[in-house]
Amino acid sequence: MSAPSKLPPFSADDPLGLDDLLGPEDLAIRDTIRAWAAERVLPHIADWYERGELPVIRELARELGSIGALGMSLTGYGCAGAGAVQYGLACLELEAADSGIRSLVSVQGSLAMYAIWKYGSEEQKRRWLPGMAAGEIIGCFGLTEPDHGSDPAGMRTYAKKDGTDWVLTGRKMWITNGSVAGVAVVWAQTDEGIRGFVVPTDAAGFSAPEIRHKWSLRASVTSELVMDEVRLPADAVLPEVTGLKGPLSCLSHARYGIVWGAMGAARSSFEAALEYAKTREQFGRPIGGFQLTQAKLADMAVELHKGILLAHHLGRRMDAGKLRPEQVSFGKLNNVREAIEICRTSRTVLGANGISLEYPVMRHATNLESVLTYEGTVEMHQLVLGKALTGLDAFR
Ligand SMILES: Cc1cc2nc3c(=O)[nH]c(=O)nc-3n(C[C@H](O)[C@H](O)[C@H](O)COP(=O)(O)OP(=O)(O)OC[C@H]3O[C@@H](n4cnc5c(N)ncnc54)[C@H](O)[C@@H]3O)c2cc1C
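Remember, predicted model here, so these are calculated numbers, not experimental data. (Residues numbered from 1 in each chain as written. Predicted model: local features only at pLDDT ≥ 70, side-chain atom pairs only at ≥ 80, totals over all residues. Heavy atoms only, no water.)

### Points about helix α1 (residues 24–40)
- For α1, which comprises 17 residues, the first-to-last C-alpha distance of 24 Å matches the rise-based estimate of 24 Å (1.5 Å per residue) to within 8%.
- For α1, the complete set of buried residues consists of Asp26, Ile29, Arg30, Ile33, Trp36, Ala37 and Arg40. Across the axial projection of α1, the buried residues extend over an arc of 130°, all falling on one side. Exposed residues pointing more than 90 degrees away from the buried face of α1 are listed as Pro24 and Glu39. (Helix = DSSP H or I, 4+ residues; strand = E, 2+ residues; numbered from the N terminus. Expected span 1.5 Å × (residues − 1). Buried < 20%, exposed > 50% of the residue type's maximum accessible area, 1.4 Å probe, protein only. Arc of directions from axis to C-beta.)

Given below as structure tokens:
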């Protein structure tokens, strides 16, 4: 061990020295996304959240496209071709602003674009991906149905062949970006098993009413997709995949981004709590000087930076082509669960101010309730890990 005088100073922002794991390009991407979020999201987010709207979503999408954040880890077709850690850092910075903004980016890049990039024909890729990477076209991903969430195998949306056409009928529920999407990737039963369809949202019979009255992800567009005999050409189907492994592999990609993103919401809440603890005085001194508050801050810092380290480790495995879905479940289960705990503990440090929109903490906490549920609930990830550990399937 080096002599104490040679040690780098302790940093409250980076107590484990995790920035040492990042190269100059990683840091530049992180700074770009952080600066964009600080300028374009943070001044407005409390207002959007309170109104339950994301009124400038199309502008934001184009700006996110211009800084390379859409389909960031994909290659070709106007995508940035960034590494997994770089994509993760972007998710963290976006979710430090708001989970709704990170959701916009995750659904666009890791679900809708990824499905087309991975399983689409060359023609589908050329038609859709450049516009989506630029943020000119917003995409959504329809898997969940009113009666089929955790168990999508039972989905009822059906595509039947009619000559060379497909005719798509059914309903999808809780679909991020649905009402503003120009293209929807919709998963449906067919006579050949579950297939993915690339559906232009101006197709006759397609509608996407917005779901209102949410108390979570309020600055995010969430919609129902209604498909009433939507007629699609033969080439609307994603040719390269049949079965649930199609949507599940897309979800795995998106969940990886959540492993990082959740730590962004946690970081923002922790920073608010730390700052407050240093300045708020009770009993004649800053509340950060009380041992009970310090225990909360220390425990939060430990979980926050352990979570970032875990995300980094998974990112390195993804770049090396070694990241297993069970490992993504490990990360999503831990990091979202810990992030929500950090938000709840931060809320207690802020006392009554903790429930105010003047501070980001409660907004992050309520957002994370959705993040805890979508892309596989806590229980689903426990079952994935339980099965991997025991070899016994407890899903049904
Ligand atoms: C804001 C938001 C945005 C979303 N965006 C999208 C999107 O873009 N695209 C999309 O397709 N979906 C989206 N979803 C849907 C999301 O993926 C589902 O809500 C999720 O998969 C859970 O399904 P469910 O809500 O039907 O709950 P259910 O599956 O009905 O589960 C209810 C509860 O039962 C538990 N449970 C179920 N089965 C078991 C079991 N075998 N053992 C133990 N416990 C079990 C679950 O863990 C959960 O706690 C979104 C959801 C939200 C809230």
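After that view, the rundown keeps rolling.
### Focus: the side chain of His305
- Position of His305 relative to the elements: it lies in helix α8 (residues 291–319).
- Contacts of His305, omitting those with residues within four sequence positions, involve Ala12, Asp13, Asp14, Pro15, Leu16 and Leu18. (Contact = heavy atoms within 4.5 Å.)

### Notes on helix α6 (residues 122–133)
- Given a rise of 1.5 Å per residue, twelve residues ought to cover 16 Å, and the 16 Å separating the end C-alpha atoms of α6 matches this to within 8%.
- For α6, the full list of buried residues reads Gln124, Lys125, Trp128, Leu129, Gly131, Met132 and Ala133.
- Next to the buried residues of α6 lie α3 (57–66), α5 (99–119), β1 (139–142), β4 (183–190) and β5 (193–200).
- Gly135 sits one or two residues past α6 and shows a positive phi near 80°.

### Quick look at the site of the ligand
- Surveying the vicinity of the ligand reveals 18 residues, the closest of which are Thr144, Ser150, Trp174, Thr377 and Glu379.
- One nitrogen or oxygen atom from the main chain of Phe141 is found 2.9 Å from a nitrogen atom belonging to the ligand.
- At 2.6 Å, a side-chain N or O of Ser150 approaches an oxygen atom of the ligand.
- For the ligand, the protein covers 67% of the area, taking 980 Å² as the surface of the free molecule.
- Broken down by secondary-structure element, the contributors of at least two residues to the shell around the ligand are β3 (165–176), α10 (361–373) and α11 (378–390).
- Of the residues contributing to the shell around the ligand, the split by class is nine nonpolar, seven polar and two charged.
- Here the shell around the ligand spans two domains, and each of domain 2 (139–236) and domain 3 (245–390) adds at least three residues to it. (Near = heavy atom within 4 Å. Polar contact = N/O pair within 3.5 Å; in protein donor to acceptor, adjacent residues only side chain to side chain. Areas by Shrake-Rupley, 256 points an atom, 1.4 Å probe, with all protein chains shown as cover. Nonpolar A, V, L, I, M, F, W, Y, C, P; charged D, E, K, R; others polar. Domains from an automatic or database assignment.)

### Examining the UniProt feature "domain: Acyl-CoA dehydrogenase/oxidase N-terminal" (unreviewed entry) in the protein
- The feature "domain: Acyl-CoA dehydrogenase/oxidase N-terminal" (unreviewed entry), as annotated in UniProt, sits at residues 24–136 in this numbering.
- Structurally, residues 24–136 is divided into 72% helix and 0% strand, and its ends, taken at the C-alpha atoms, are 30 Å apart. (UniProt positions renumbered as here; feature names shortened; annotations may be inferred.)

### Overview of the side chain of Arg195
- Position of Arg195 among the secondary structure elements: in strand β5.
- Residue classification places Arg195 among the buried positions, given a relative accessible area of 8%.
- In this structure, Arg195 is in contact with Val186, Trp187, Ala188, Thr190, Val237, Leu238, Pro239, Val241 and Thr242, ignoring residues within four places of it in sequence.

### Re the domain arrangement of the protein
- Structurally, the protein comprises domain 1 (18–133), domain 2 (139–236) and domain 3 (245–390).
- Computed over C-alpha atoms, the centres of domain 1 and domain 2 are 23 Å apart.
- Counting residues at the interface gives 27 residues for domain 1, matched by 22 residues for domain 2.
- Contact with domain 2 buries surface across domain 1, with Tyr49, Val107 and Trp128 losing the most and accounting together for 24% of the total.
- Where domain 1 meets domain 2, there are zero salt bridges. (Buried area = accessible area lost by both parts, 1.4 Å probe. Salt bridge = Lys/Arg side-chain N within 4 Å of Asp/Glu carboxyl O.)

### Let's talk about unusual backbone geometry
- Although it is not a glycine, Tyr77 adopts a positive phi angle of roughly 55°.
- By secondary structure assignment, the location of Tyr77 is in the loop between α3 and α4 (84–97).
- We classify Tyr77 as partly exposed; its relative accessible area is 25%.
- The residue Trp174 is not glycine, and still its phi comes out positive at about 60°.
- For Trp174, the location among the structural elements is in strand β3.

### Regarding the layout of surface pockets
- Each pocket or cavity is described by its volume, and for the largest pocket that value is around 1400 Å³.
- Elements represented by at least two residues in the lining of the largest pocket include exactly α5, β3, α7 (245–279), α9 (325–349), α10 and α11.
- A total of six residues in the lining of the largest pocket trace back to one element, the largest contributor, which is α7.
- Both domains that meet at the lining of the largest pocket, namely domain 2 (139–236) and domain 3 (245–390), each give it at least three residues.
- Elements supplying a minimum of two residues to the lining of the second largest pocket: α1, α4, α7 and α8.
- Split by residue class, the lining of the second largest pocket holds 14 nonpolar, three polar and eight charged.
- Mapping the lining of the second largest pocket onto the domain boundaries places at least three of its residues in each of domain 1 (18–133) and domain 3 (245–390). (1 Å grid on protein atoms, 1.4 Å probe; cavity = no way out; pocket = protein on both sides within 12 Å on 5 of 7 lines; lining within 4 Å. Points joined across faces, edges and corners; volume = space filled by probe spheres on them.)

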